Protein chains: 2
Amino acid sequence: METFFDPKSVVVIGASNTPFNLGATICNMLKDYLQYQGAVYVLNSKGEAVNGYPGYSSILDLPETPDLAIIIVAARNVPNIIKDCAQKGIKRIVIESAGFSEGGEDGEAMQREIDDAARVNGIRIMGPNCLGTMSTRNKFCCFYGVNPSLVEMGQIFESPGNISYIIQSGGVAVLVMESLYYDLVGVNKVVSIGNKCDVDEADLIDYFQTDETEVIGMYLENVANGRKLMEAARKSRKPILIYKVGRTQAGAIAAMSHTAGMANNDSIFDCACKQARIIRLKSIDELHSLPKMFTEMPLLKGKRIAMFTNSGAFGSITADLLVDAGLQMVRLSPQTQEKLKKAGQVFNIKNPVDIGPAPPQTYLDIFDILLSADEVDGLLPLLSVWQPFVIDTLLELMKMCKHYDKPAAIYTPNAIAKSIAIRAKHRIPIFETSEQAVRALSVSNEYYESLLKRNFISKPVPTVNLDTKRSIIAATEVAS
Amino acid sequence: METFFDPKSVVVIGASNTPFNLGATICNMLKDYLQYQGAVYVLNSKGEAVNGYPGYSSILDLPETPDLAIIIVAARNVPNIIKDCAQKGIKRIVIESAGFSEGGEDGEAMQREIDDAARVNGIRIMGPNCLGTMSTRNKFCCFYGVNPSLVEMGQIFESPGNISYIIQSGGVAVLVMESLYYDLVGVNKVVSIGNKCDVDEADLIDYFQTDETEVIGMYLENVANGRKLMEAARKSRKPILIYKVGRTQAGAIAAMSHTAGMANNDSIFDCACKQARIIRLKSIDELHSLPKMFTEMPLLKGKRIAMFTNSGAFGSITADLLVDAGLQMVRLSPQTQEKLKKAGQVFNIKNPVDIGPAPPQTYLDIFDILLSADEVDGLLPLLSVWQPFVIDTLLELMKMCKHYDKPAAIYTPNAIAKSIAIRAKHRIPIFETSEQAVRALSVSNEYYESLLKRNFISKPVPTVNLDTKRSIIAATEVAS
């Protein structure tokens, strides 16, 4: 699988100098933006070079056998190209062309022809009807047509992260990538699998166990081999967040016209997800909004949440949401309330803790009192950034969360644009709504419990002296 | 009630030159940012002037009886001030001070004292524990402490709109106002009612029937007089969108510490809302995201929705959401499908209509084919702005919607920042997620049906000749 994400040489089949040629956009990206270090060949009827990459009119004429072939030609020409690739000894192929099983009977027949040729020759195929792969660390990307945002995309490659995406639709892949400009997502790899005639989501879940991936985000329109997917998911030691369309009949029919999805029974799929410990997403935005809770914060190891706000109303709103999500408004112990009283400026020492205009130290004191309290499993700070110092306290909060091994889902009830700017500049995992923050806590706990249930970790030993601050024993992680 | 929003003279009681004085922020706003044309007096112990407004140490010394008194002093001093106001003949008072019924028994006693003094003297009171009123058309605002964003606020006053907000919490009022910078909301009036010892949400719903208001947005933490609210709502000829906290016990308790809300039974409230045709919001963001569907688009008069996308996957995702919301993916008639086939570039002529790279005219043709189809009640365009011309077609779409008297809920599946910028610049009612777009259609239809059920409008007469394009007869509006 590694070869798909880190080929040392590639051939782009169908790239030419014709205006609007899609293969050329792949060449431009590799050369101009990624300074891809491997060899690149192009194939077209004239055998012409594209953006300095040497051109050929037959695969058999290539001076070497490339690690990877990227095909972006009319569907009807694909079967013959596959045969040539086989003859040349190419073992990895990305078919980006559309017009196969999603397009009716003729397309299905062609797809079968391709499958057979691949199987006989030991070739692994990604697609058809896909964008292929992107790897930030390897500075490789074979997505076509993403030119207008390429300059911005550069930032994705400059700061690789630990989230990997498996996305059936190219359009959604691009949407998710666009969201990376403003959300706190560090990308490791993105793969668009399209009709997935060979390589599928389960293969990729297995593969992402072996690399830098920490969280797997998925978008699926159909599941061809449910058993294989669920087996891969059950074994996964990394959280899997999945958004699947086709929940309703109308959605399933719409998906069929797009990537040839079959109408899977949604309630069966839902059950299977629960068993396989897959976290099912409620909206497509959660693909980019939730992973930061896993990459930037410890897991939530219980359901008892303390809220801390400088903006009264949000305590009430969010208490409703917490209960809806199956979490609890923790009843703060008399000791904790006593400490809060001493911190000063506190309007309400019960949960939600509510403060008026207070200096930075008060914020830090309250963070520490709540995170160190034995009865508190996690924190929900609902803090308006009414003074710039609030941002500094949030940076300290992130350190405290690591120290106490308890998470905080931060929401800053200011205008969205301001919060997004703060998040991007200071790399603070800020959620855009209180719904998102509560959801992040809920999902974090769901994943923690799935680790326990699968015996991937053992339950933390309760501390003997309940008064001993900072004595919380972290969960002993069996997982790497 | 008008006097609260358009006083010809005011006294700010508690404004002084002490650093961080909150009353002074009201004076600064009236003078520096709003160039308020009425007379402003200030009252403080030294009788000192504030920002050029003359100061007095006793209300009785004021040279005239102001239309409105704004009180922002410690709670314990309020009862005596009310008595002075009564003696001076002041009939309208906004009490912004906190520390009344939300703060325990002493506060409650004080609040009763104020209520009595007001009743005896025929004074109407707004608050306590509130921000008071803002009116864009009258260029009046008595909110305290909003200085840092005042310059931006100027834009709200420069382009008045037709949405009015009744918001119990000051914090939420400020949040909603901040959201106006980036969402498509034209504000008429905003009022923060706090503990609402006298003027309440029902009084304001009645009042908003008489002015430029087209949509009423509300945030409530408690309902003191449910019968009065529901009666006002039933009579309202303008849609009422309400977010109420305290759905769960935890939320109700949290609300109590904030604005002295009583734990109302939520399921009873929910039932009452349905009967009174109040639209209950699912998140606080809907306070700013939904009104544009009412102010910028015709109402949705049926449930049959056509989707149109240039980004395949979104059709499937949104079809699921439509069904969840109780709307229908319309089955396009053979005639409509035939017309779509002729439009060219269409991958899928069934719903969701899916197109590839196409010129602007194709977009316009498809808008017209779908909106003019008798079987279609509303449109859900899911259009990526892959070329700038897509924005121009959206501007045309808005005109077509008015022509055919059918709405479109527009979603542009590009990165949120880009969509927000387009929305602000071109004033196109773009929703930020497909969930929001579907929700907007659903709410629009809910309100349309409530107008029918209350006999505020009559059902449109079906057209005789079903083939006659542009023959849709608009609902005869009884309401103004």
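Residues numbered from 1 in each chain as written. Chains lettered and ligands numbered in written order. Predicted model: local features only at pLDDT ≥ 70, side-chain atom pairs only at ≥ 80, totals over all residues. Heavy atoms only, no water.

## Quick notes on the overall build of chain A
Here is step 1: A tally of helices and strands in chain A yields 18 helices and 22 strands.
Here is step 2: The C-alpha radius of gyration computed for chain A amounts to 25 Å, which stays within 12% of the reference 23 Å derived for 480 residues, consistent with globular compactness.
Here is step 3: Sequence-distant contacts in chain A: of pairs separated by 6 or more residues, those separated by 24 or more amount to 72%.
Here is step 4: Counting every atom, chain A has about 18300 Å² of accessible surface; 52% of that belongs to carbon and sulfur.
Here is step 5: For chain A, the distance from the average site of its 49 positive side-chain charges to the average site of its 53 negative ones is 5 Å. (Helix = DSSP H or I, 4+ residues; strand = E, 2+ residues; numbered from the N terminus. Rg over C-alpha atoms; globule rule 2.2 N^0.38 Å. Contact = heavy atoms within 4.5 Å. Areas by Shrake-Rupley, 256 points an atom, 1.4 Å probe, with all protein chains shown as cover. Lys, Arg positive; Asp, Glu negative; His and termini not counted. Charge placed at Lys NZ, Arg CZ, Asp CG, Glu CD.)

## Quick notes on the relation of the copies chain A and chain B
Here is step 1: Once chain A has been moved 0.0 Å along the axis and rotated by 180 degrees, it coincides with chain B to within an RMSD of 0.0 Å. In the structure described here, the two chain copies are related by an operation that fits a two-fold rotation axis. Residue A:Ala417 of chain A places its C-alpha closer to the rotation axis than any other residue of that unit, at 4.1 Å.
Here is step 2: Take the interface residues of chain A: 100% of them recur as interface residues in chain B, which is what a same-surface contact looks like. (Least-squares fit on C-alpha atoms with pLDDT ≥ 70 in both.)

## Some points on the packing of helix H3 (residues 78-88) of chain A against helix H4 (residues 105-121) of chain A
Residue and element names in this part refer to chain A.
Here is step 1: Remark: H3 packs on H4, axes separated minimally by 9 Å, with the N-to-C direction vectors making an angle of 5 degrees. Taken together, the axes of H3 and H4 lie roughly parallel to each other. Side by side, H3 and H4 meet where Val-78, Pro-79, Ile-82, Lys-83 and Ala-86 of the first sit next to Met-110, Glu-113, Ile-114, Ala-117 and Asn-121 of the second.
Here is step 2: Looking at the contact of H3 with H4, its residues break down into seven nonpolar, one polar and two charged. (Axes fitted to C-alpha atoms, helices over the stretch in contact; angles between N-to-C directions. Parallel < 35°, antiparallel > 145°, perpendicular 65-115°, else oblique. Nonpolar A, V, L, I, M, F, W, Y, C, P; charged D, E, K, R; others polar.)

## Looking at the sheet that holds strand S11 (residues 215-220) of chain B
Residues and elements named next belong to chain B.
Here is step 1: Pairing is mixed in the open sheet, where seven strands are placed in the order S8-S7-S10-S9-S11-S12-S13. Of all the strands in the sheet, just strand S8 (140-141) and strand S13 (279-280) have a single pairing partner and so form its edges.
Here is step 2: In this sheet, S8 lies alongside strand S7 (residues 132-135) in antiparallel orientation, the contact comprising two bridges. The residue bridging Met-134 from the neighbouring strand is Cys-141, located in S8. (Pairing = 2+ DSSP bridges.)

## Considering helix H16 (residues 389-404) of chain A
Here is step 1: An ideal rise of 1.5 Å per residue puts 22 Å on 16 residues; H16(A) measures up with 23 Å between its terminal C-alpha atoms.
Here is step 2: A:Asp405, located one to two residues past H16(A), shows a positive phi value of around 55 degrees. (Expected span 1.5 Å × (residues − 1).)

## So, the pattern of salt bridges
Here is step 1: Enumeration according to the criterion identifies 40 salt bridges over all chains in this entry.
Here is step 2: With a closest N to O distance of 3.0 Å, B:Lys8 and B:Asp6 form a salt bridge.
Here is step 3: Across the salt bridge formed by B:Asp203 and B:Lys228, the nearest N and O atoms sit 3.1 Å from each other. Here B:Asp203 is found in helix H7 (residues 201-207), whereas its partner B:Lys228 is found in helix H8 (residues 226-235), with 25 residues between them in sequence.
Here is step 4: For B:Lys228, a relative accessible area of 31% puts it in the partly exposed group.
Here is step 5: Through salt bridges that share partners, A:Arg124, A:Asp198, A:Asp200, A:Asp203 and A:Lys228 make up one connected network. (Salt bridge = Lys/Arg side-chain N within 4 Å of Asp/Glu carboxyl O. Buried < 20%, exposed > 50% of the residue type's maximum accessible area, 1.4 Å probe, protein only.)

## Concerning the packing of aromatic side chains
Here is step 1: In the structure shown here, the tally under the stated rule is 24 aromatic pairs over all chains.
Here is step 2: Between A:Phe294 and A:Tyr447 the ring centres are 5.7 Å apart and the planes differ by 85 degrees, which places this aromatic pair in the edge-to-face class. Pair noted here: A:Phe294 is in helix H12 (residues 291-296) and A:Tyr447 is in helix H18 (residues 434-453), with a separation of 153 residues, a long-range link. Assigned by exposure class, A:Phe294 and A:Tyr447 land together as buried.
Here is step 3: Each ring, one from B:Phe308 and one from B:Tyr363, has its centre 5.8 Å from the other, and the planes form 55 degrees; the classification is tilted. Taken together, the positions of B:Phe308 in strand S14 (residues 304-309) and B:Tyr363 in helix H15 (residues 360-372) put the pair 55 residues apart, joining distant regions of the chain.
Here is step 4: We classify B:Tyr363 as buried; its relative accessible area is 0%.
Here is step 5: Sitting over the ring of A:Phe5, A:Lys189 keeps its end group 5.3 Å from the ring centre. (Phe/Tyr/Trp six-rings, centres within 6.5 Å; stacked < 30°, edge-to-face > 60°. Lys NZ or Arg CZ within 6 Å of the ring centre and 35° of its normal.)

## Observations concerning the interface of chain A and chain B
Here is step 1: Taken residue by residue, the interface counts 48 residues in chain A and 48 residues in chain B.
Here is step 2: Contact with chain B buries area across many residues of chain A, yet A:Ser316, A:Ile317 and A:Asp320 alone supply 15% of it, more than any other trio.
Here is step 3: Inspection of the region where chain A meets chain B yields zero salt bridges.
Here is step 4: Counting across the interface, chain A meets chain B through zero residue pairs in polar contact (both at pLDDT 80 or more).
Here is step 5: Those elements giving two or more residues to the side of chain A that touches chain B turn out to be helix H6 (170-179), strand S12 (240-244), helix H9 (249-259), helix H13 (313-324) and helix H17 (416-426) of chain A.
Here is step 6: Per-element tally for the side of chain A that touches chain B: the top contributor is H13(A), with 10 residues.
Here is step 7: Grouping the amino acids of the side of chain A that touches chain B by side-chain chemistry returns 22 nonpolar, 15 polar and 11 charged. (Buried area = accessible area lost by both parts, 1.4 Å probe. Polar contact = N/O pair within 3.5 Å; in protein donor to acceptor, adjacent residues only side chain to side chain.)

## A closer look at the nonpolar core
Nonpolar side chains tend toward joint burial in soluble globular proteins.
Here is step 1: A:Tyr219, A:Phe367, A:Leu380, B:Tyr165, B:Tyr219, B:Phe367 and B:Leu380 are the most contacted members of the largest nonpolar core, which has 293 residues in total.
Here is step 2: Not counting residues up to four positions away in its chain, the partners in contact with B:Tyr219 are A:Ala313, A:Ile317, B:Ile166, B:Ile167, B:Gln168, B:Ser169, B:Val172, B:Tyr243, B:Val245, B:Ile284 and B:Leu287.
Here is step 3: Core analysis: the next-biggest nonpolar cluster, separate from the first, contains 26 residues, B:Leu43, B:Val78, B:Ile93 and B:Ala118 among them. (Core = buried A, V, L, I, M, F, W, Y, C linked by side-chain atoms within 4.5 Å.)

## Considerations on the packing of H15(B) against helix H16 (residues 389-404) of chain B
Residue and element names in this part refer to chain B.
Here is step 1: Between H15 and H16, whose axes approach to 10 Å, the crossing angle comes to 20 degrees. Between H15 and H16, the angle falls in the class roughly parallel. Crossing of H15 against H16: the hand is right-handed. Residues Pro-360, Tyr-363, Leu-364, Phe-367, Asp-368, Leu-371 and Ser-372 of H15 pack against Phe-389, Val-390, Thr-393, Leu-394, Glu-396, Leu-397, Met-400, Cys-401 and Tyr-404 of H16. (Left-handed = near helix turned anticlockwise from the far one by under 90°.)

## Some remarks on the sheet that holds strand S5 (residues 92-95) of chain A
Residues and elements named next belong to chain A.
Here is step 1: With respect to topology, six strands assemble into an open sheet ordered S3-S2-S1-S4-S5-S6, the strand pairing being parallel. Looking at the sheet topology across the chains shown, the edges are occupied by strand S3 (55-56) and strand S6 (124-126).
Here is step 2: The sheet contact formed by S5 and S6 spans three bridges and is parallel. Counted as the bridge partner of Val-94 is Met-126 from S6.

## Here's the deal with H16(B)
Here is step 1: Within H16(B) the residues assigned to the buried category are B:Phe389, B:Val390, B:Ile391, B:Thr393, B:Leu394, B:Leu397, B:Met398, B:Met400, B:Cys401 and B:Tyr404.
Here is step 2: Looking at the buried side of H16(B), the elements it contacts are H15, strand S18 (378-382), strand S19 (410-411) and helix H17 (416-426) of chain B.

## Here's the deal with the pairing of S12(A)
Residue and element names in this part refer to chain A.
Here is step 1: The buried fraction of S12 amounts to five of the five residues, a majority that puts the element mostly inside the structure.
Here is step 2: Of the two faces of S12, the one holding Ile-240, Ile-242 and Lys-244 and the one holding Leu-241 and Tyr-243 are both buried throughout.
Here is step 3: The pairing of strand S11 (residues 215-220) with S12 spans five bridges and is classified as parallel. Pairing of Met-218 across the sheet is with Ile-242, part of S12.
Here is step 4: Taken together, S11, helix H8 (residues 226-235) and S12 form a β-α-β motif whose crossover is right-handed. (Right-handed = clockwise from strand over helix to strand, strands pointing away.)

## Re the side chain of A:His288
Here is step 1: Structurally, A:His288 is set in helix H11 (residues 286-289).
Here is step 2: If near-sequence neighbours (up to four positions away) are discounted, A:His288 is found in contact with A:Tyr165, A:Ser179, A:Tyr182, A:Asp183 and A:Val185.

## Side note on the side chain of B:Ser164
Residue and element names in this part refer to chain B.
Here is step 1: Inspection of the secondary structure puts Ser-164 in strand S9 (residues 163-167).
Here is step 2: Engagement of the side chain of Ser-164 in a polar contact is seen with the side chain of Asn-188, the distance being 3.2 Å.
Here is step 3: Those residues in contact with Ser-164 that lie beyond four places of it in its chain are Asn-188, Lys-189, Phe-208, Thr-213, Val-215, Ile-216 and Gly-217.

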